[in-house]
Amino acid sequence: GPDKDKIFMGRDDILTMRQMGVNLIRLYDWDSRNHHTNFLDYCHSNNIKVLVPVSNYKLGAYGTPPPMDESIRNLIKSFGNREGTNYHPAIYGIIIGSELDLPSEMPKGYLAKYTKRWAELENKYYPKYTKLPIGHPVSFATHNGKYPCFEFWDNLLAELKDVTISDLDKRLILCPHTYNEASYLFDDAEGSHRGWVDITYDKYNLPILFCEIGCSRLERSDNVQVVAEQLERSTIYQKQNKGKLLGTCFFQFCDKIWMPGTTEGSFGAHHNSTILHYIVSYGSKDFSHTDGNNCNDQILNVNVLDINPVFNAIRLIYTC
């Protein structure tokens, strides 16, 4: 492992992202028992904003959810600045859950209930905090409707659109995942001769932020062209339609190392090479908590990253 007397910077993925032109990171999991302030500070120093998550585990998607009020207050506290006077300045918005429109064990109606309770507790205990955008990442599945996401939003927004406490009704954003071509998103969805983004904004009158967009290189041989058109058209639309499309999060920075050779594991702008950058050896003092097993002598291999073919297309559009 690295010299214990030196500051361990790891691979410095944040710097790599900044050099790519990234200005927003979407996270999937967040344990409020850990300390994330250094990470948020570093993002802020690199002019990168963060979408901080309430993970599916907090919502009972994989078992009994934790006590709601305790969960929410701990998360808000962990999203705070060092002074505890506001949300951290690196945070752009709060995203609750991920693709919970797909089969899960989350209690029915829990997502709306959790979101309303967030607004109530925020208003009671943190009334001076900035009213950050709040969204609920959803798959691009059609389900029983004509257009992707609509059935999910119809049900969720029926519970949330009139909730004015902590200005929740003014803070809601739509957070879809999509791997569709730019032509579907911006030109012709389902033979309507209108792009899905325009149709969606006109229906809900809420800003859209793509929390996932991309194309697996194992699914399509022209994935680089698909991604380039997705991001380029999104950028153009965003500039021409202020307030309708807030941005896009490319899926994803690095291939999922635990799913090599699969479609799901082949979206990344990078992949882990076989060259080791560091081997990190952990001890119990490296963690503010432990769940079960002793952490002593556990290791993490930090590989050198190599770029995938889609990398240059992303960087070109993000830095133009």
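As the structure is a computational prediction, the values presented were derived from the model and not from experiment.

A. Representation of a nonpolar patch on the surface within the structure. Residues Leu276, Ile279 and Ile299 make up a contiguous nonpolar surface patch of roughly 260 Å² in combined accessible area. Relative to the helices and strands, Leu276 is located in strand 9 (residues 270-282).

B. View of the packing of helix 3 (residues 68-78) against helix 4 (residues 110-125). Packing of helix 3 against helix 4 leaves a shortest axis separation of 10 Å and a crossing angle of 60°. Considering the angle they form, helix 3 stands oblique to helix 4. Between helix 3 and helix 4 the crossing geometry is right-handed. On helix 4, the residues touching Met68, Asp69, Ser71, Ile72, Arg73, Leu75 and Ile76 of helix 3 are Tyr110, Lys113, Tyr114, Arg117, Trp118, Leu121, Glu122 and Tyr125.

C. Representation of the pattern of salt bridges within the structure. Per the counting criterion, the structure on display carries 15 salt bridges. Taking the shortest distance from any N to any O, the salt bridge between Arg220 and Glu181 comes out at 2.6 Å. Taken together, the residues Arg220 in the loop between strand 7 (208-213) and helix 9 (223-240) and Glu181 in the loop between strand 6 (177-178) and helix 7 (182-186) connect sequence positions 39 residues apart. Residue Glu181 is classed as partly exposed on the basis of its relative accessible area, which comes to 35%. Its salt-bridge partner being Arg217, residue Asp255 comes within 2.5 Å of it at the nearest N-O pair. Within this pair, whereas Asp255 is found in the loop between strand 8 (245-250) and strand 9, its partner Arg217 is found in the loop between strand 7 and helix 9, the two being separated by 38 residues in sequence. Accessibility expressed as a relative area gives 9% for Asp255, which makes it buried. Beyond isolated ion pairs, a larger network of salt bridges with shared partners links Asp69, Arg117 and Glu120.

D. The arrangement of the layout of surface pockets in detail. Counted as a void, the second largest pocket has a volume near 450 Å³. Around the second largest pocket, the lining is made up of 16 residues, and of these Leu100, Met106, Gly109, Phe152 and Asn155 lie nearest the centre. Listing elements by their share of the lining of the second largest pocket, those giving two or more residues are helix 4 and helix 5 (150-160). With 5 residues, the single largest contributor to the lining of the second largest pocket is helix 5. When the residues that make up the lining of the second largest pocket are grouped by side-chain class, the tally is 8 nonpolar, 4 polar and 4 charged.

E. Here's a closer look at unusual backbone geometry. The linkage connecting Phe251 with the following residue, Gln252, adopts the cis geometry, with an omega of 5°. Residue position: Gln252 is located in the loop between strand 8 and strand 9. Of note in this structure, His143 is not a glycine but carries a positive phi near 55°. Secondary-structure assignment places His143 in the loop between strand 4 (134-135) and helix 5. Not every positive phi belongs to a glycine, and Cys149 is a case in point at roughly 80°. Considering the arrangement of structural elements, one finds Cys149 in the loop between strand 4 and helix 5.

F. Structural detail: helix 8 (residues 196-204). Those residues of helix 8 lying buried are Trp196, Val197, Ile199, Thr200, Tyr201 and Tyr204. Those residues of helix 8 that are buried are in contact with helix 5, helix 7, strand 7 and helix 9. Among the residues trailing helix 8, Asn205 stands out with phi positive, at a value near 55°.

Parameters at a glance
Residues numbered from 1 in each chain as written. Predicted model: local features only at pLDDT ≥ 70, side-chain atom pairs only at ≥ 80, totals over all residues. Heavy atoms only, no water. Patch = residues over 30% accessible without salt bridge, like charges linked within 9 Å, V, L, I, M, F, W, Y side chains within 5 Å. Areas by Shrake-Rupley, 256 points an atom, 1.4 Å probe, with all protein chains shown as cover. Salt bridge = Lys/Arg side-chain N within 4 Å of Asp/Glu carboxyl O. Helix = DSSP H or I, 4+ residues; strand = E, 2+ residues; numbered from the N terminus. Axes fitted to C-alpha atoms, helices over the stretch in contact; angles between N-to-C directions. Parallel < 35°, antiparallel > 145°, perpendicular 65-115°, else oblique. Left-handed = near helix turned anticlockwise from the far one by under 90°. Contact = heavy atoms within 4.5 Å. Buried < 20%, exposed > 50% of the residue type's maximum accessible area, 1.4 Å probe, protein only. 1 Å grid on protein atoms, 1.4 Å probe; cavity = no way out; pocket = protein on both sides within 12 Å on 5 of 7 lines; lining within 4 Å. Points joined across faces, edges and corners; volume = space filled by probe spheres on them. Nonpolar A, V, L, I, M, F, W, Y, C, P; charged D, E, K, R; others polar.

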